[in-house]
Every structure is written in C-alpha cells, then in structure tokens.
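Each chain is listed here by its residues.
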Amino acid sequence: MIVLSATGLSLSFGDTPVLRDVSFSVNEGDRLGIIGVNGAGKTTLLRLITGEAEPSEGSVFLSRDKSVGVLYQNTAEMALKGEETLLDHMISAFPELLAQEEEITARETELSRLSEAGDEAAAIRVGAALEEAHRRYAAGGGLEFRGRCRAMLLRMGFTESELSLPVSALSGGQNTRLALSRLLCREPDILMLDEPTNHLDIAALTWLEDFLVSYPKTVLLISHDRYFLDRVTTKTLHIEHTRARLYPGNYTKAKQLREEENASTEKRYKQQQKDIAKIEANIAFQRRCGQEHNFVTIRAKQKQLDRMEKVELAPPSPKDIRLSFRESELPSGNDVLTAKALSFSFGEKPLIEGMDFLIRRGERVLFLGQNGCGKSTLMKLLVGRLSPRSGRLDTGANVKIGYYDQENDTLDERNTVFSELRETYPHKTDFELRSALALFLFGAEEMVKPVSVLSGGERARLTLAKLVLTEINLLVLDEPTNHLDIGSREVLEEAILGFGGTVVAVSHDRYFINRVATRLVELDPAVPHGCRDYPLSEGEDGYACYRRMREEREAAATAEKKATPVSEGKLLYEQAKRENAERRSQERRRSAAEKKIPLLEVELEELQKELFGSAATNYVRAAEIEARRAEIEEELLSLYELTM
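Keep in mind the model is a prediction, meaning the values are calculated, not measured.

**Structural notes on the packing of aromatic side chains**
This structure, assessed with the given rule, holds nine aromatic pairs. Consider the rings of Tyr543 and Tyr546, whose centres lie 6.5 Å apart with planes at 40°: the pair is tilted. Of this pair, Tyr543 and Tyr546 both sit in helix H18 (residues 542–563), separated by three residues, roughly a single helical turn. When its relative accessible area of 3% is taken as the criterion, Tyr546 is described as buried. Taken together through their ring pairs, the aromatic side chains of Tyr227, Tyr534, Tyr543 and Tyr546 make up a single cluster. Arg47 extends its terminal NZ or CZ atom over the ring of Tyr72, reaching a point 4.0 Å from the ring centre.

**With respect to the pairing of strand E2 (residues 16–27)**
Inspection of the sheet shows strand E1 (residues 2–13) paired to E2 by eight bridges, in the antiparallel sense. Bridge pairing in E2 places Leu11 opposite Leu19. What sits between E1 and E2 in their antiparallel hairpin is a turn of two residues, with Gly14 showing a positive phi close to 65°.

**Some remarks on the state of the cysteines**
Evaluated as defined, the whole model comprises zero disulfides. For Cys531, which is in no disulfide, the shortest distance to another cysteine sulfur is to Cys373 and amounts to 11 Å. With relative accessibility at 12%, the residue Cys531 sits in the buried group. No disulfide involves Cys545; its nearest neighbouring cysteine sulfur is the one of Cys531, lying 16 Å away.

**Section: helix H11 (residues 375–382)**
Each turn of an α-helix holds 3.6 residues, which means side chains three or four residues apart point in the same direction. A large share of H11 lies buried, amounting to seven of its eight residues. Among the residues making up H11, those that are buried are Lys375, Thr377, Leu378, Met379, Lys380, Leu381 and Leu382. Phi for Gly384, located one or two positions after H11, is positive at around 85°.

**Quick word on helix H7 (residues 202–213)**
Counted at 1.5 Å a residue, the expected span for H7 with its 12 residues is 16 Å, and the 16 Å between its end C-alpha atoms agrees. The backbone nitrogen of Ala203 has a side-chain oxygen 3.3 Å away, supplied by the residue at the start of H7, namely Asp201.

**Quick notes on the sheet that holds strand E9 (residues 243–248)**
The strand order E5-E6-E7-E3-E8-E9 describes an open sheet built from six strands, whose pairing is mixed. Single-partner strands in this sheet number two, and they are strand E5 (68–71) and E9. Put simply, the sheet's adjacent strands are angled 15° from each other on average, direction ignored. Bridge count for E5 against strand E6 (residues 190–194) is four bridges, and the pairing is parallel.

Each value, and the rule that gives it
- Residues numbered from 1 in each chain as written.
- Predicted model: local features only at pLDDT ≥ 70, side-chain atom pairs only at ≥ 80, totals over all residues.
- Heavy atoms only, no water.
- Phe/Tyr/Trp six-rings, centres within 6.5 Å; stacked < 30°, edge-to-face > 60°.
- Helix = DSSP H or I, 4+ residues; strand = E, 2+ residues; numbered from the N terminus.
- Buried < 20%, exposed > 50% of the residue type's maximum accessible area, 1.4 Å probe, protein only.
- Lys NZ or Arg CZ within 6 Å of the ring centre and 35° of its normal.
- Pairing = 2+ DSSP bridges.
- Disulfide = S-S within 2.5 Å.
- Expected span 1.5 Å × (residues − 1).
- Polar contact = N/O pair within 3.5 Å; in protein donor to acceptor, adjacent residues only side chain to side chain.
- Axes fitted to C-alpha atoms, helices over the stretch in contact; angles between N-to-C directions.

From the geometry alone we can't say anything about function, so treat these as descriptive.
Structural data, given as structure tokens:
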C-alpha cells in the first residue's frame with residue numbers, strides 16, 4: 001500500500017531551481033535512502049513532504065492515518081534549554097500516557113474519598129472508571145514506556161549517570177543523539193531521518209542499523225554513510241541536477257544500476273549519432289546531385305531526422321573536490337609517534353590513563369572507541385594542542401604534521417573564505433590561494449562569503465583546503481568524513497591511499513575504515529596499556545575483522561564469567577533476595593485484593609437487586625447483568641485465593 005507519494009514536485013528560489021518535476025512513491029514498510037551531493041535538495045525534499053515548505057508546482061500525498069516523525073541534521077544547532085533531565089525529556093515525548101497517569105491518580109484519590117465517606121454506589125462507578133483507565137493505560141504501553149525510554153538512551157551511548165543531567169548541559173552531538181532517541185522511542189508510522197549517523201559511535205551505529213532493518217514501518221533517510229545505506233535501505237532515490245530517479249535496492253545496487261543505465265544511454269547515443277551522420281551525409285550527396293528525384297529523397301530523409309526521438313546523454317555528475325596531500329621532501333624517522341604511560345584528564349575525571357602505543361612510518365592507524373572515550377582528545381595531544389597530565393608522547397625525527405579537526409576550530413569566524421587562507425599563508429600569491437579554493441569547489445562568489453555563514457560541508461572543505469597547502473609527512477585526521485558527501489569522501493580516501501607518509505585518524509565511517517586502515521586501535525581504559533591493537537593483513541576487511549575479534553573477546557569473557565564458581569554465601573544471598581522480592585510482591589497483590597473485594601461484592605449485590613427489580617422484564621439488560629455477574633464472580637474467586 002502506498003503511504004507517501006510525490007507528483008511533479010518543483011521548487012525554485014528566485015530564478016534558481018532547487019528541485020524539478022520530482023515524482024516517486026513509497027510503500028508501507030519501504031526503507032528509502034535519499035542520496036545526492038551536498039546542496040542537491042535532499043533536506044528540502046523532506047520539508048516539502050512534511051509541509052514545512054510549499055512547492056512551486058506539484059503535490060504530495062501522505063496517508064492521513066499514519067503518524068510522522070522527523071529528525072533534521074541541524075538538530076545539534078537547536079540546543080535544548082531548561083533544567084529537565086535527559087530521562088524526563090524522553091518521558092515527555094508521551095503526553096497521552098502522562099495525562100492518563102494523572103487521570104488514574106485523580107480517580108484513585110476520588111475512590112479513596114468516597115470509600116471513607118461510605119458512598120458505595122459512587123465508589124463502584126469510580127472504581128469501574130478507574131479499571132477502564134488502567135486498561136487503556138496498559139494497552140497504550142504505559143507499563144513499559146519509562147523503561148523503554150531509559151533503554152533507548154543507553155543504546156544511544158548515554159551513561160546511566162548522564163540520564164539525570166539537565167538537557168541544557170548537552171553538547172551539539174549529544175543533542176542530536178537525544179533527539180534521535182526521543183523520536184525512535186515514539187516509533188512513528190513514517191520515520192524520516194536526515195543524517196542520523198552523525199555523532200554516533202560504531203556501537204550505536206550498529207544498534208541503529210539493526211533497529212531500522214527490523215523496523216516494521218516506513219523509513220526515509222538521508223545519509224552519506226555508504227555502509228549504513230547498504231545495510232538499511234531497500235530503495236534509493238538519487239537527486240542530481242535538480243531531478244530525482246528512483247532505483248530498487250540499496251546504495252551499491254542503485255549505483256550499479258545507474259552506471260549500467262548511463263553506459264546503455266551513451267551506447268545508444270553514439271549509435272544514433274552515427275545514424276544521423278549517415279543520413280545527413282546522404283542528404284548532402286543528394287543536394288550535390290541536384291535532380292528532381294534527389295529533392296524527393298532529401299525531403300524523405302529530413303522527415304526521418306525530424307521524427308527521430310533523440311537520445312540525450314545524462315548530464316555530467318556534479319564536480320567533486322580535487323585533493324592530494326603535499327608530502328614533505330624529508331621523510332620522517334621510522335618511529336613516528338610513541339606514547340608511554342600517557343594520561344590526561346579534564347578536572348578530576350581521568351579520560352586517558354596509562355596509554356602505550358607505537359606508530360611507525362607508513363602506517364595508517366584508525367583509532368576507534370565509544371563516544372566520550374577520548375579519541376578526539378588523543379588527536380589534540382598528538383598535535384600538541386593539549387598537554388598530557390603525565391607520561392610521555394614523543395614525536396620522531398623530521399615529523400611534519402598536518403591536522404584536520406572535526407570541529408573546524410582552526411577557522412576564524414571573522415574572516416572570509418579567501419582571507420582565511422590569506423591569513424594562514426601570507427607568502428603565497430592570490431593565484432595560488434584562489435586555485436586551491438577552486439579545487440574545493442569555492443567559486444568567486446563563495447570566496448568572499450564570511451566563514452560564519454558557511455554550512456558544515458563548506459567548513460569541512462575550507463579546512464581541507466588549508467591542510468593541502470602544507471608539506472607534511474604525518475596526517476592526523478579527526479572524523480574527516482563528517483559533512484562530506486559521498487563523492488568527496490571517495491576523493492579523500494583516494495588522496496589518503498596516495499599519500500606516502502603516515503596517517504593517524506579517528507572515524508566512525510565503516511566504509512572509510514575498510515578502505516584506508518592498515519591497523520586499528522580501540523581505546524579502552526579498562527585494559528592494560530589503555531587500548532587494544534588490531535593489526536590487519538593487506539586487503540582485509542578492517543571493520544569486519546574488528547567486529548569479529550570483538551565478538552570473540554566478548555564471547556570468551558561471557559564463558560569465563562559463567563565458568564567462575566559462585567560461593568555458597570552468594571547463592572544463599574541471591575536466594576534470600578529472590579524470596580524477599582516474591583514475598584513483597586505477594587503482599588502488594590494481597591493488599592490490592594483486600595481493597596477491591598468489597599467494591600466488587602457491593603457491585604454484585606446491586607446487580608442482583610436490579611436483576612430482580614427494574615431489569616426483570618428487560619431481557620437485554622438482564623443478559624448484560626448476567627454477563628457482568630459471571631465476570632465479577634470469576635474475579636472474586638481469584639481475589640479470595642490471594643487473601644488466603
């Protein structure tokens with residue numbers, strides 16, 4: 001069943017078209033990936049679907065009986081205010097259940113008052129309403145929604161202690177994860193996600209993928225994460241040059257189909273051009289002959305050309321950035337970076353503790369770990385932007401570092417794009433600087449834009465432009481693929497593979513990890529030396545290897561835990577704990593039964609009077625009373641057993 005469709009959608013800003021004649025449909029249960037370069041109109045399409053923007057032409061059909069949930073990529077910029085905790089903010093996503101809780105509390109208070117006042121008839125009515133309220137509350141998920149909120153936050157990488165933090169204290173990345181958690185907990189019928197993988201570590205990414213793959217409802221998502229798209233999506237909408245084309249299958253399948261389609265179109269175009277050339281040559285020959293019958297042939301051939309449906313080549317793909325890193329003429333020493341008992345803390349909280357590692361020339365080392373484990377901090381330590389609390393971090397001989405910061409903190413908001421480069425490289429000519437910016441798709445108009453108004457993708461490209469003008473032999477990258485579209489990510493990967501120096505990086509992009517890494521290091525303060533090493537063989541799938549070794553380690557730890565003998569004292573304690581819990585549960589049930597029994601007995605007596613009174617000749621009402629009497633008697637038997 002179609003739950004969403006777009007027909008002839010077009011939108012322009014002034015004379016600039018953003019989307020033209022976009023048509024597609026989504027069936028219930030589809031998982032649609034929306035792809036395209038930065039600025040292609042992907043987020044705009046979501047806003048047209050939700051009604052937040054009005055199309056210049058065309059229409060959107062959205063099934064009325066379906067709930068819609070949307071998460072935009074700029075959630076991090078909309079910092080949450082107020083002092084409510086993370087958990088309270090999650091719980092507030094269920095106003096209907098909270099209202100039902102208030103109703104139940106109010107009815108319980110009223111029932112207690114009526115019982116004390118001896119108004120049995122009114123108490124019976126309120127008791128029945130209270131029972132119905134409890135039924136609706138349970139049916140709507142009231143018994144488990146708080147637990148689901150807590151579990152969702154923990155799945156998204158928040159710690160138990162962070163659940164009581166005020167939302168105003170969250171970082172931009174945490175805001176995004178909180179908004180995503182809140183939305184997923186509601187489980188809308190149509191789930192729309194714009195770059196949901198930003199700010200998620202690998203564990204949270206894997207969980208989100210599994211969640212979406214098993215999600216029984218409809219999903220639309222915008223992403224540049226190729227691994228994520230391949231695992232999750234079943235259809236792909238590719239937006240290019242303001243138009244959109246729907247393909248069956250995930251990102252890789254859609255890419256293959258698009259390439260085959262373009263190759264077929266190019267083949268037909270070339271053949272048609274040959275046919276046209278032959279016909280035009282024939283027409284030219286007939287004209288040279290100049291006889292009457294030749295002009296008849298010319299008219300026939302011209303009609304053949306006019307009736308021919310011309311094959312048009314697909315427009316060229318949007319330009320990708322052009323990128324290569326300048327290698328220092330002098331290579332570094334063999335030992336590029338050495339850490340010995342390296343430690344760092346923010347205030348009293350230790351973040352990195354006793355870390356040891358050695359990185360050699362020519363390695364491409366990817367550091368992994370959960371959010372908050374200190375990966376970005378470690379990158380800042382490596383480049384000297386932070387100083388260790390204790391231990392040593394030695395840089396080898398002749399090491400020249402180039403650093404990419406995921407937060408783009410090296411950019412001065414007061415500068416223009418061009419003056420940012422001019423300030424960094426005062427000795428380079430304007431031609432050199434403009435040429436470098438052009439390689440990163442900054443045109444003449446973009447070069448005079450203030451840094452403060454740049455998008456995330458533009459800021460990332462400007463930071464890379466600053467980086468490639470420096471001669472280096474050690475490249476330190478902190479989440480370099482964030483804010484880059486798929487084409488730019490592929491160019492970056494090729495540039496890294498072509499770089500002859502040493503690479504140290506942090507990334508959650510599994511595709512990037514697989515292509516680039518020769519070695520993986522997982523930060524974990526709970527193990528000796530503060531990290532785990534995963535050396536990779538040439539051509540090995542890095543992420544698959546990392547995941548396999550993690551699963552093997554976790555399975556071994558679980559087996560060891562099961563094999564550990566439990567002391568007799570602990571067994572007795574656990575047994576006593578279970579018995580006490582069961583006893584308290586029985587006492588609560590007995591107490592509730594003792595309160596409910598008299599109410600039901602009163603109701604049964606009233607029904608008995610009505611049956612032999614006003615309902616004696618009303619057979620419909622008498623049947624209703626008999627049915628209710630049977631229910632009450634059955635429930636009373638159960639309650640009597642609890643009080644014995």
